[in-house]
Amino acid sequence: MRIVGMDPQLYASMESRISRRTYTAPPECARLEELQRYSEELNTAADGAVRIGVWAEGADEVFGGLTNSYGMFSGVQAFAAFIGRMEGDERKAKALCGYYGEQFVLKANARGLGTCWVAGTFDKGMAKKIAGVEEGEKLVCVVPLGIVPDSFSLREKVVKGFSTARRRKPLEQLLRNPEELAAAPDWMRSALEAARIAPSAVNLQPWRFTLAPTEQALTVQAEGRAEKEPVDLGIAMAHVEIAALQAGVQGEWSEEAGAWTFRRA
Ligand SMILES: Cc1cc2nc3c(=O)[nH]c(=O)nc-3n(C[C@H](O)[C@H](O)[C@H](O)COP(=O)(O)O)c2cc1C
């Protein structure tokens, strides 16, 4: 597992990214091509466990005609699909979709494109057809890609509850033992802050962290419903590692019974 094409923009993207649901134009060709190349690099890094693709046709059918009030996408003309290889450990495959998919989302955001992780409010059958999902594969999420207006549309405000501020739980609520925070090194605090602002389905923020400051390690686990659907977990893991790298800290992930530990190398 690794972060592909790490640069300060990827780090800055974690702060500036916000889900967008109203699109005014497709991405420029050069941008789409760049993202296509990046998705290939991610697929190589994922070693067959994840397949990310970018499509500029049929997006209106994938996101259009929805009556579900949670979704409400408009003007989508291009999208990415995150597909997991489900032979073996399904939970791990979903976590990896989150981990590599979020790198893609952050790169797209860094290139000025609007994005939104979408697991439910889209035409799955149509997306699977366009993405050519095969047996043994599962379409985990799609992400619209495109130019978005600077300000939020009324429709977006309704979905977001009229607040564009990022609403997140305080860090203490995400730690199993908040007192561990006092001993955490700077890189670990930065990694936790980055994970805190990560996107999650219905903004549930289902991550719980356990720290081992003396061992320079932290463990993250999904809670509740997210235990079975650990895409959110993988997204937070990407945020942890990008913040660590930005702080000059390299590390490795290891997994045990659904709990993932990042340990400084
Ligand atoms: C795995 C995942 C699935 C999501 N599915 C949907 C969806 O089906 N429809 C939608 O409108 N937003 C969806 N979202 C977007 C979340 O609602 C959003 O990330 C969250 O409310 C936090 O807001 P922010 O992304 O603006 O920081 C999803 C996000 C994640 C991470």
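Here is what the cut-offs are and how they apply
- Residues numbered from 1 in each chain as written.
- Predicted model: local features only at pLDDT ≥ 70, side-chain atom pairs only at ≥ 80, totals over all residues.
- Heavy atoms only, no water.
- Pairing = 2+ DSSP bridges.
- Helix = DSSP H or I, 4+ residues; strand = E, 2+ residues; numbered from the N terminus.
- Axes fitted to C-alpha atoms, helices over the stretch in contact; angles between N-to-C directions.
- Disulfide = S-S within 2.5 Å.
- Salt bridge = Lys/Arg side-chain N within 4 Å of Asp/Glu carboxyl O.
- Buried < 20%, exposed > 50% of the residue type's maximum accessible area, 1.4 Å probe, protein only.
- Contact = heavy atoms within 4.5 Å.
- Expected span 1.5 Å × (residues − 1).
- Phe/Tyr/Trp six-rings, centres within 6.5 Å; stacked < 30°, edge-to-face > 60°.
- Lys NZ or Arg CZ within 6 Å of the ring centre and 35° of its normal.
- Core = buried A, V, L, I, M, F, W, Y, C linked by side-chain atoms within 4.5 Å.

Caption draft 1: Spatial organisation of the sheet that holds strand β2 (residues 79-85). Read across the sheet, 3 strands follow the order β1-β2-β3 without closing on themselves; strand pairing throughout is antiparallel. Every other strand in the sheet has two partners, leaving β1 (50-55) and β3 (137-144) as the edge strands with one partner each. Averaged over all pairs of adjacent strands, the angle between their axes in this sheet comes to 20 degrees, without regard to strand direction. Where β1 lies against β2, 6 bridges are found, and the strand directions are antiparallel.

Caption draft 2: Structural detail: the state of the cysteines. Applying the stated criterion across every chain, the model contains 0 disulfides. C141 provides the cysteine sulfur closest to C116, a residue in no disulfide bond, and the two sulfurs are 9.5 Å apart. The structure places no disulfide on C141, whose sulfur is separated from the nearest cysteine sulfur, that of C97, by 7.7 Å.

Caption draft 3: Summary view of the pattern of salt bridges. If you walk through the whole model with that rule in mind, you get 11 salt bridges. E90 is the salt-bridge partner of K94, the closest N and O atoms lying 3.9 Å from each other. Highlighted residues: K94 and E90, both in helix α4 (residues 90-110), separated by 4 residues, approximately one helical turn. Residue classification places K94 among the buried positions, given a relative accessible area of 5%. Assessed through its relative accessible area of 38%, E90 is described here as partly exposed. In this structure, E229 engages K94 in a salt bridge whose closest nitrogen and oxygen atoms are separated by 3.1 Å. In this pair, E229 is assigned in the loop between β5 (217-222) and α9 (231-246) and K94 in helix α4, connecting sequence segments 135 residues apart. You can call E229 partly exposed: its relative accessible area is 39%. In the salt-bridge network here, residues are joined through shared partners; they are R51, R85, E87 and E137.

Caption draft 4: Seen up close, the sheet that holds β5. Strand order across the open sheet formed by 4 strands is β4-β5-β7-β6, with antiparallel pairing between neighbours. Edge positions in the sheet fall to β4 (207-212) and β6 (251-256), since each of these pairs with one other strand and no more. Here the strands of the sheet are splayed against their neighbours by 20 degrees on average, with no regard to which way each runs. By the bridge criterion, 6 bridges tie β6 to strand β7 (residues 259-264) in an arrangement that is antiparallel. Considered in β7, the bridge of E252 is made with R263. Relative to the sheet, helix α8 (residues 186-196) contacts β4, β5 and β7, its axis offset from that of β4 by approximately 175 degrees.

Caption draft 5: Representation of helix α2 (residues 29-45). Under the 1.5 Å per step criterion, the end-to-end length of α2 is 24 Å for 17 residues, consistent within 8% with the ideal 24 Å. In this fold, the buried residues of α2 make contact with α1 (8-16), β1 and α4. Downstream of α2 by a residue or two, D47 has a phi angle that is positive, lying close to 55 degrees.

Caption draft 6: Broad picture of the packing of aromatic side chains. One pass over the structure, following the stated rule, counts 8 aromatic pairs. For the ring pair W253 and F262, a centre distance of 5.1 Å and an interplane angle of 55 degrees mean the geometry is tilted. Using a relative accessible area of 0% as the deciding quantity, one classes F262 as buried. Through a chain of ring-to-ring contacts, three or more aromatic side chains come together here, namely W55, F63, F73 and F79. K107 extends its terminal NZ or CZ atom over the ring of Y38, reaching a point 4.8 Å from the ring centre.

Caption draft 7: Region of the structure containing the environment of G98. One can find G98 in helix α4. In this structure the C-alpha to C-alpha distance between G98 and E135, which are 37 residues apart in sequence, comes to 21 Å. Those residues in contact with G98, other than ones at most four positions away along the chain, are W117, V231, G234 and I235.

Caption draft 8: Quick peek at the nonpolar core. Ranked by internal contacts, the top residues of the largest apolar core, which has 68 residues, are F82, Y100, F104, L145, F209, L211 and L218. Those residues within four positions of F104 in sequence are excluded, and the remaining contacts are L35, Y38, S39, L42, I52, V54, A80, F82 and L145. Listed in part, the 19 residues of the second largest apolar core include Y23, A127, L139 and V142.

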